Every structure is written in structure tokens, then in C-alpha cells.
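In case you want the letters, here they are:
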Amino acid sequence: MLFIDTDPGVDDALAILMAHARAPGVAGLGIAAGNVGLHHTTANALKLVELLEVPTPVFPGAPQPLVRRAADAAFVHGADGFGDTGYLPARRTAHNEHAALALLRLSHAHAGELVVVALGPLTNLALALSLDPQLPSRVARLVVMGGAVTGQGNTSVAAEFNFGFDPEAAHIVFSRWPRFDLVDWELTLRHALDFERFEHWLAGGDTRAAFFAAISRKARAFNRAQRRPGIIAADALAMAVALRPELIINAEERAVAVELGGGLTRGATVVDWQRRTGAVANARIVLAVDQPGFEQLVAAALGARTG
């Protein structure tokens, strides 16, 4: 059973499609501000579950970071987070329960079997942990998409977007969650999806592919303009690790923290690679995954085939 904490966002959308195509069940979507504001991220989540015709509840959460306001990523995802496609709003409505409270409730209802997949800023998780420090004891596994483990960020020189957006939230989660899987930005660059192959999946898929093609048009053009090695599907890669942990072919367990100060390093991921601090490892840092297996999950979520 999955609980997905997310800020949809184009790559979040692909991850959510993957979860519903493969997972035994999605208990809920916790929504935060991040890629764009909470109004849009909530609306986007509602549109996705309506498209999929699933009863997955949507729980709006944090409308801003814990301490400092931060810039969003509308220049990549569009002002509405879904490529400014102007889609018809969903007829569904969000639940009144805050995402942090929903996560706590569902962790009791599915104690020992809930997998939490954090695809956006960690604000909702930090709030939940602050309310109930025992939350990790009821969660089977936490998978986090975020960070840049050798300091090659995408928001600043050193920081990745999710951690740079709310470093204090990431600090709370990393200091209080005993062990989690980390899928960082640099890993996603190594596992980009070939541009032409991805276009083939979009053309050969079903209604999910048609919808995703529309909302991702701006982001796909941004990837090409930035001369990236392919489509960077960060949240989709994290979801693949959550759904099929056997896809991990290389990982290292290390102590990981997040820098809160520093004019150049706020939000940076600090990894004790040489084990100098003596701190207990809190993260399994994923360094490589089975690319064909990852691509199969993506294609299936779009109703297409990899062959």
C-alpha cells in the first residue's frame, strides 16, 4: 500500500500514473506546494485521479515551506504545473483532512505495510513527524526523491529543487527518520529516457499517454533546450525504486544531512562518504538501477510497450 506525498508537476504525474498501473493500492495522495502553488498542485492531483477513474483520496497539505518562502519551478512545468494546457478542472474535490494528518491516520490503518513515496518538498512529512515522532515505526519503507549527493544541484550550484525549496523540512526528516531510500537528482541524469523512444511511447499509448503528452510538452522542450541526455523523469525513477526495489543494482548506505545555512550551500545534500563523522547511516543512496526495468514501468503507465 502506497502513500504518495507529491507536488504535481509533470514528472510527479508520470510517477502517479506508474503507481496506479502497478501498485496493489494507493491509500492517498498528500499534496504540498513546490513545483507550483498548492492550489494548482491539488487541482492537478484531482485531475489525475479523475483521468485514471480511481477512488484515490487527495489531501491538500502545506501551502509553503516551514520557514522561508521559495521560488517554484513554473518555468519548467508551466504556471499551472501541467504545461499551461488549460485542461477542464476535475469534478472531484479534495478531502478536508490535512495531508500530514492523513498520513498519520493511514500509518495506523496500514501499520507495517505502508510505503511512503516522497516526490516533492518534505514539508508534509516534517509536519507529520513533528506531530508524531513514532511515525517511522509504522511505515514499512520511505523512498525520497531529492538531493544532489555530490553537490551538482539543479536549483543552485549545490542544491536540488525539493531540498532547496524547504531545507528545514528535509533536515527534520533526515534527522528523525532512521532509514530511507534516496533517489537523488544526479541519479536521474544517469537514467534519462531517450527522447525518441519516449515520443514513441506517447504516440503508441492510450488516453494516459495522450494526457501526459499534452501536459509535458513544455517540460520536454525544456529538456531538449537544456541539452540534457534525454527526458529527466526524476519522480518516475523514485517511483520505480518504490514499486520494484529489485531494480536497484548499486547503492551505498551513508549518513546524509541537509545544509541549512550558507550563502552558496543552503539546501545542499551533505553525504558522509568517507564515514568521518561516525554517524549511523540513515540513507540507502541509490547509485544505479536496471534501465530496461525502469523503462518498462514508464511505458506500461502510458499504455505503451517498450519493444
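Residues numbered from 1 in each chain as written. Predicted model: local features only at pLDDT ≥ 70, side-chain atom pairs only at ≥ 80, totals over all residues. Heavy atoms only, no water.

Student: Teacher, can you tell me more about the sheet that holds strand E5 (residues 139-145) here?
Tutor: Picture the strands of a sheet paired through backbone hydrogen bonds; they go either parallel or antiparallel. In spatial order, the strands read E3-E2-E1-E4-E5-E6-E10-E7; together these 8 strands make up an open sheet with mixed pairing. Looking at strand neighbours, the two that pair on one side only are strand E3 (58-60) and strand E7 (248-254), the edges of this open sheet. Within the sheet, the average angular offset between the axes of one strand and its neighbour, ignoring direction, is 20°. Alignment of E7 against strand E10 (residues 283-289), held across 6 bridges, turns out to be antiparallel. Pairing of Ala251 across the sheet is with Val286, part of E10. (Pairing = 2+ DSSP bridges. Helix = DSSP H or I, 4+ residues; strand = E, 2+ residues; numbered from the N terminus. Axes fitted to C-alpha atoms, helices over the stretch in contact; angles between N-to-C directions.)

Student: For this particular structure, what's the right way to read the side chain of Thr56?
Tutor: By the secondary structure assignment, Thr56 is in the loop between helix H2 (38-52) and E3. A polar side-chain atom of Thr56 sits 2.8 Å from a polar atom in the side chain of His20. Residues in contact with Thr56, not counting those within four places in the same chain, are His20, Val26, Gly28, Leu29 and Val49. (Polar contact = N/O pair within 3.5 Å; in protein donor to acceptor, adjacent residues only side chain to side chain. Contact = heavy atoms within 4.5 Å.)

Student: Got a minute to help me understand the nonpolar core in this structure?
Tutor: Most often, soluble globular proteins keep nonpolar side chains buried together rather than apart. Within the largest apolar cluster, 66 residues are counted, with the highest numbers of intra-cluster contacts made by Met18, Phe198, Phe212, Met239, Val298 and Leu302. For this core, the element with the most residues is helix H13 (residues 234-243), which contributes 9 residues. Excluding anything up to four places from it in sequence, Phe212 contacts Val10, Ala13, Leu14, Leu17, Phe198, Leu202, Arg220 and Leu302. If you look at the next biggest cluster of nonpolar residues, it comprises 37 residues, including Ala27, Ala128, Val149 and Val258. (Core = buried A, V, L, I, M, F, W, Y, C linked by side-chain atoms within 4.5 Å. Buried < 20%, exposed > 50% of the residue type's maximum accessible area, 1.4 Å probe, protein only.)

Student: Looking at this structure, how should I read the environment of Gly267?
Tutor: Checked against the element boundaries, Gly267 lands in the loop between strand E8 (256-258) and strand E9 (269-271). A relative accessible area of 0% places Gly267 in the buried class. Separated by 36 residues in sequence, Gly267 and Gly303 place their C-alpha atoms 37 Å apart. With residues up to four places along the chain from it excluded, the contact list for Gly267 reads Ala159, Phe163, Gly164, Pro167, Val258 and Glu259.

Student: Could you clarify how one ought to interpret the pattern of salt bridges in this entry?
Tutor: If the charged atoms of two oppositely charged side chains come close together, the side chains can form a pair. Applying the stated criterion across every chain, the model contains 14 salt bridges. Put simply, Glu97 and Arg105 hold a salt bridge, and the shortest N to O gap is 2.8 Å. On the basis of relative accessible area, Glu97 is assigned to the partly exposed category, the value being 24%. Classification of Arg105 as partly exposed rests on a relative accessible area of 39%. A network of salt bridges, in which partner residues are shared, links Arg141, Asp181 and Arg284. (Salt bridge = Lys/Arg side-chain N within 4 Å of Asp/Glu carboxyl O.)

Student: Help me understand unusual backbone geometry, please; the structure alone is not making it clear to me.
Tutor: Glycine aside, residues mostly have negative phi angles, and peptide bonds mostly take the trans form. Note that the residue after Pro8, namely Gly9, is joined by a cis bond; omega there is -5°. Positive phi values are uncommon outside glycine, yet Arg227 reaches one of about 55°. Along the chain, Arg227 turns up in the loop between helix H12 (217-225) and H13. When its relative accessible area of 78% is taken as the criterion, Arg227 is described as exposed. Phi is positive for Arg275, which is not a glycine, with a value near 55°. Mapped onto the elements, Arg275 comes out in the loop between E9 and E10.

Student: Can you help me understand the pairing of E5 in this one?
Tutor: Looking along a regular strand, one sees the side chains alternate between the two faces of the sheet. Counted residue by residue, E5 has 6 buried out of 7 residues, so it is predominantly covered. Pairing analysis gives 5 bridges linking strand E4 (residues 114-118) to E5, with the strands arranged parallel. Opposite Val115, over in E5, you have Arg141 as the bridge partner. The pairing of E5 with strand E6 (residues 180-183) spans 3 bridges and is classified as parallel. Note on E6: the bridge partner recorded for Val144 is Leu182.

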